2 protein chains.
Amino acid sequence: MSTPKREPAPNRFDTISIRNAPGEHAGDGEGRAPHAGIDFSHGDVGAFPPHPAAVAAVEAAIADGGGQAYSRYRGHWSVREPLAERLAAFTGAPVDPSQEMIITPGTQAGLFLALSSLVGPGDKVMVVEPDYFANRRIVTYLGGEVVPVPLAYEDAAAPAGLDLDRVEAAAAAGAKVLVFSNPNNPTGALLGADQLRRIAATADRHGVFVVTDELYSRLVYPGGTAAHLRACGIAPDRCVTLLGPSKSESLSGFRVGTAIGAPAVIDRMEKLLAIVSLRTAGYNQSALHSWFTEPDGWFAERVAAHRRIRDDLVDVFRGAPGFRVRPTEAGSYLFPRLPRLTVPTAAFVAELRERTGTVVTSGEEFGPRHGHSVRLNFSQDHGRAVAGARAVVETTALLTA
Amino acid sequence: MSTPKREPAPNRFDTISIRNAPGEHAGDGEGRAPHAGIDFSHGDVGAFPPHPAAVAAVEAAIADGGGQAYSRYRGHWSVREPLAERLAAFTGAPVDPSQEMIITPGTQAGLFLALSSLVGPGDKVMVVEPDYFANRRIVTYLGGEVVPVPLAYEDAAAPAGLDLDRVEAAAAAGAKVLVFSNPNNPTGALLGADQLRRIAATADRHGVFVVTDELYSRLVYPGGTAAHLRACGIAPDRCVTLLGPSKSESLSGFRVGTAIGAPAVIDRMEKLLAIVSLRTAGYNQSALHSWFTEPDGWFAERVAAHRRIRDDLVDVFRGAPGFRVRPTEAGSYLFPRLPRLTVPTAAFVAELRERTGTVVTSGEEFGPRHGHSVRLNFSQDHGRAVAGARAVVETTALLTA
């Protein structure tokens, strides 16, 4: 005799929709046709390969075997110690490799571990809109209450900015955590040092903890400056900064990243990592050895190549009726606003893929009020990226009134 | 003006103690002296290296680059599809690679994802004692209530067994999940098919979901048989089985594992993985290609070599006054009971390390009532393992009344 199956858990899983998540539609068998066009949902490692030294370091670690397979949960000291110095130089504020740093299985894991360390059921968390889709999902999964903070970015002539009055009011009303990406994902907008100083002041005034995802802060185009919150006056125990080589350095396939900041939060992140997946893959941690130590010019050339692609894609969208786009200041995302369509954005995205093999991510993934836009990761082969952008424009032309 | 810092979250982190966790004391700089002796807290990849095909497959995936960096969150289809067939053959029950399988960043991640998918605050979860230390920690972290289920293993002449009356009573009283390792970590004891059939019947009767960690089920010594719960009559939607090549196949440094079982739970695990760390490192997933396809004799020789070490260690402990040990039936752990000491076990472990450089894990990590024993992972150089076991015996001799 079998009793009826019981629903096994609280349904926070229903809030994690991965159906339209970047990459999930990629055909690799399983009854899905491989797409013939371009996949703007993530960067193309073939177009921008990792620096060979990163690969060589991982292979050397594998060959070393026992010496590299296991590490402290927070990562190999031999990786953390020299990297802390480089990240301190990059971000403009000191990093204690022992107390203020953890190696994470990708920057995504850094985000999950940091927010899990800070957010409990009922906690109010300020989440920027639009912003990386996982921010909202993780907060919701943890039982936190999302307090949206709009990002002004559409006026390309003006600096982007959070609605700081909203931040101040939410913090005064008890919001305890603020999370945002800078450079912003999906818009490629930068928050300047002045914004960050004001955020730091608000955090200080109200005891808010800030998690800032600076995954793209190295890929900055001429005219922009990536300011770092941790160097903008925030108390060192009120901030964690996420950084990693998955995107601009094309090391996503290794799943390595770092979090630097408040020792008490880093401690919690390590404890949680211990039960989540023990540690970042021991061998893969070595991919960090070459990060920020690549030969002169290698990264500069990468920035220049991305800039050329950005410029051409911006031209395509600016030349198309009804489109509006802010040129990327940093990172490899464009978030063009589409002309008014006769179908919902999800239907447009599906039609685009079906018709042209071009994959983009709906703006709805980045904020409930951003279905008017789509995100493109333009870290791609230049020519194919331009063709893909044209396919976006042509498909909208078929779907406008 | 700065307001006092507020405590950022509920203190479930205080329950995750990693201070004495295996590996955490390993010296890799950071002010710690490297230990000169043997580290029984985990296996020695140098003594038992991975099969070269596993390493070659990962290196080929890295070289392939873009084709392998990203996968569906649940893992590359090209890995899952053939592996499902091999795991079906190994466990004796079918595996649908699309619905019933996920690749996880190690078996630890499989455990975290599975329990997170099943356990919410206040849920009663049956946890075996002694058993892998993370089981209890994860349940506690999730807000679940641990219902201990004793494992009888000390009588080496009798089959090991869970206290099934306790399981029945706890299930009748509302416990909804049972988690256990089989082969058992830390004792190396096997639960036989008869036990597993009775567990399946109880699960069916009361709607209990069972998570079984079979990480060591391939390393079985003559006289033992690794039965698999999923082939012992449990409903396919009531069970998830964790398997991985981290231990017996020495691939821990890659962080790859699998979970197979109930589609609804696998779906939740994938959703959670998407926000926890996106996916298992894309390149590393290829380490699974060679798993269960190694040339004839390779794994058999590994079993034989471990058996020889086990036999010598059992002889050392059986010849020492006051020790009691059950010979490992499967896996590479021994869990000898120590003679009555004049100091707490933690002090003994510290003294052993200080005096001889030998690292063992206190039995307290595996259950609050098991401080009388220590765990040794004997997947080590044979000679050094025997010397390390002698160091354990000699150090106890200094600390008995």
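The structure displayed is predicted, hence computed values, not measured ones.

**Examining the sheet that holds strand 5 (residues 177-181) of chain A**
Residue and element names in this part refer to chain A.
Consideration 1: The sheet built from 8 strands is open, its strands ordered 1-8-7-6-5-2-3-4 with mixed pairing. Here the strands that pair on one side only, and so sit at the sheet edges, are strand 1 (101-104) and strand 4 (161-162).
Consideration 2: Both strand 6 (residues 209-213) and strand 7 (residues 239-243) contribute to a ladder of 4 bridges, which runs parallel. Residue pairing in the sheet places V210 in a bridge with C239 of strand 7.

**Here's the deal with the packing of helix 6 (residues 164-172) of chain B against helix 7 (residues 193-206) of chain B**
All names here are of chain B.
Consideration 1: Axis separation between helix 6 and helix 7 bottoms out at 10 Å; the angle between their running directions is 10 degrees. In terms of orientation, helix 6 lies roughly parallel with respect to helix 7. Viewed along their axes, helix 6 and helix 7 form a crossing whose handedness is right-handed. Residues L164, V167, E168, A171 and A172 of helix 6 lie in contact with helix 7, whose contacting residues are Q195, R198, I199, T202, R205 and H206.

**Section: the domain arrangement of chain A**
All names here are of chain A.
Consideration 1: The domain architecture assigned to chain A consists of domain 1 (21-49 + 297-398) and domain 2 (54-288).
Consideration 2: If you average the C-alpha positions of domain 1 and of domain 2, the two centres end up 25 Å apart.
Consideration 3: Linking domain 1 with domain 2 are 4 salt bridges, by the criterion used here.
Consideration 4: Where domain 1 packs against domain 2, one counts 19 residue pairs in polar contact (both at pLDDT 80 or more).
Consideration 5: Considered class by class, the residues forming the side of domain 1 that touches domain 2 number 17 nonpolar, 9 polar and 11 charged.

**Quick notes on the packing of helix 1 (residues 52-64) of chain A against helix 1 (residues 52-64) of chain B**
Consideration 1: Between helix 1 of chain A and helix 1 of chain B, the shortest axis-to-axis distance is 11 Å and the interhelical angle comes to 175 degrees. When the axes of helix 1 of chain A and helix 1 of chain B are compared, the pair comes out roughly antiparallel. Residue-level inspection shows A:V55, A:V58, A:E59 and A:I62 of helix 1 of chain A in contact with helix 1 of chain B, the latter providing B:V55, B:V58, B:E59 and B:I62.
Consideration 2: By residue class, the composition of the contact of helix 1 of chain A with helix 1 of chain B is 6 nonpolar, no polar and 2 charged.

**Considerations on the relation of the copies chain A and chain B**
Consideration 1: Mapping chain A onto chain B calls for a screw motion: a turn of 180 degrees about the axis and a shift of 0.0 Å along it, with 0.0 Å RMSD after fitting. Such a combination of rotation and displacement between the chain copies is what one expects of a two-fold axis. Minimal C-alpha separation from the rotation axis in chain A is found for A:E59, amounting to 3.6 Å.
Consideration 2: Of the residues that chain A buries at the interface, 99% are likewise interface residues in chain B, meaning the two copies contact each other through the same surface.

**Describing the nonpolar core**
Across soluble globular proteins, you tend to see nonpolar side chains buried next to one another.
Consideration 1: Core analysis: the biggest nonpolar cluster contains 138 residues, and A:F112, A:L115, A:M126, B:F112, B:L115 and B:M126 have the highest contact counts within it.
Consideration 2: B:L115 has contacts with B:N135, B:I138, B:V139, B:L142, B:V177, B:V179 and B:V211, leaving out every residue within four places of it along the chain.

**Considerations on the interface of chain A and chain B**
Consideration 1: At the junction of the two partners, chain A supplies 85 residues and chain B supplies 85 residues.
Consideration 2: Surface buried jointly by chain A and chain B totals about 7300 Å² across both partners, of which 55% is contributed by carbon and sulfur atoms.
Consideration 3: The tally of links between chain A and chain B comes to 0 salt bridges.
Consideration 4: For the interface between chain A and chain B, the tally reads 13 residue pairs in polar contact (both at pLDDT 80 or more).
Consideration 5: Secondary-structure elements contributing two or more residues to the side of chain A that touches chain B are helix 1, helix 2 (66-69), helix 3 (77-91), helix 4 (107-118), helix 5 (133-141), helix 7 (193-206) and helix 8 (263-276) of chain A.
Consideration 6: Broken down by element, the side of chain A that touches chain B gets its largest block of residues, 7 residues, from helix 8 of chain A.
Consideration 7: Residues of the side of chain A that touches chain B, tallied by class, amount to 34 nonpolar, 26 polar and 25 charged.

**Remarks on the packing of aromatic side chains**
Consideration 1: All chains considered together, the criterion is met by 24 aromatic pairs over all chains.
Consideration 2: With 6.5 Å between their ring centres and 45 degrees between their planes, A:F112 and A:Y141 make a pair best called tilted. Here A:F112 is found in helix 4, whereas its partner A:Y141 is found in helix 5, with 29 residues between them in sequence. Considered together, A:F112 and A:Y141 belong to a single accessibility category, that of buried residues.
Consideration 3: Geometrically, the ring pair formed by B:Y153 and B:F335 is tilted, given 6.2 Å between the ring centres and 50 degrees between the ring planes. Of this pair, B:Y153 sits in the loop between strand 3 (145-152) and strand 4 (161-162) while B:F335 sits in the loop between strand 9 (333-334) and helix 10 (345-356), and the two are 182 residues apart along the sequence. Neither residue differs from the other here; B:Y153 and B:F335 are each classed as buried.
Consideration 4: Linked through ring pairs, A:Y132, A:F133, A:Y153, A:F335 and A:F366 together constitute an aromatic cluster.

**Examining the pairing of strand 11 (residues 374-377) of chain A**
Residues and elements named next belong to chain A.
Consideration 1: Side-chain alternation along strand 11 places V374 and L376 on one buried face and R375 and N377 on a second face that is also buried.
Consideration 2: Direction of pairing for strand 9 (residues 333-334) relative to strand 11: antiparallel, over a ladder of 2 bridges. In the strand pairing of strand 11, Y333 is matched with N377.

Rules used in this analysis
Residues numbered from 1 in each chain as written. Chains lettered and ligands numbered in written order. Predicted model: local features only at pLDDT ≥ 70, side-chain atom pairs only at ≥ 80, totals over all residues. Heavy atoms only, no water. Pairing = 2+ DSSP bridges. Helix = DSSP H or I, 4+ residues; strand = E, 2+ residues; numbered from the N terminus. Axes fitted to C-alpha atoms, helices over the stretch in contact; angles between N-to-C directions. Parallel < 35°, antiparallel > 145°, perpendicular 65-115°, else oblique. Left-handed = near helix turned anticlockwise from the far one by under 90°. Contact = heavy atoms within 4.5 Å. Domains from an automatic or database assignment. Salt bridge = Lys/Arg side-chain N within 4 Å of Asp/Glu carboxyl O. Polar contact = N/O pair within 3.5 Å; in protein donor to acceptor, adjacent residues only side chain to side chain. Nonpolar A, V, L, I, M, F, W, Y, C, P; charged D, E, K, R; others polar. Least-squares fit on C-alpha atoms with pLDDT ≥ 70 in both. Core = buried A, V, L, I, M, F, W, Y, C linked by side-chain atoms within 4.5 Å. Buried < 20%, exposed > 50% of the residue type's maximum accessible area, 1.4 Å probe, protein only. Buried area = accessible area lost by both parts, 1.4 Å probe. Phe/Tyr/Trp six-rings, centres within 6.5 Å; stacked < 30°, edge-to-face > 60°.

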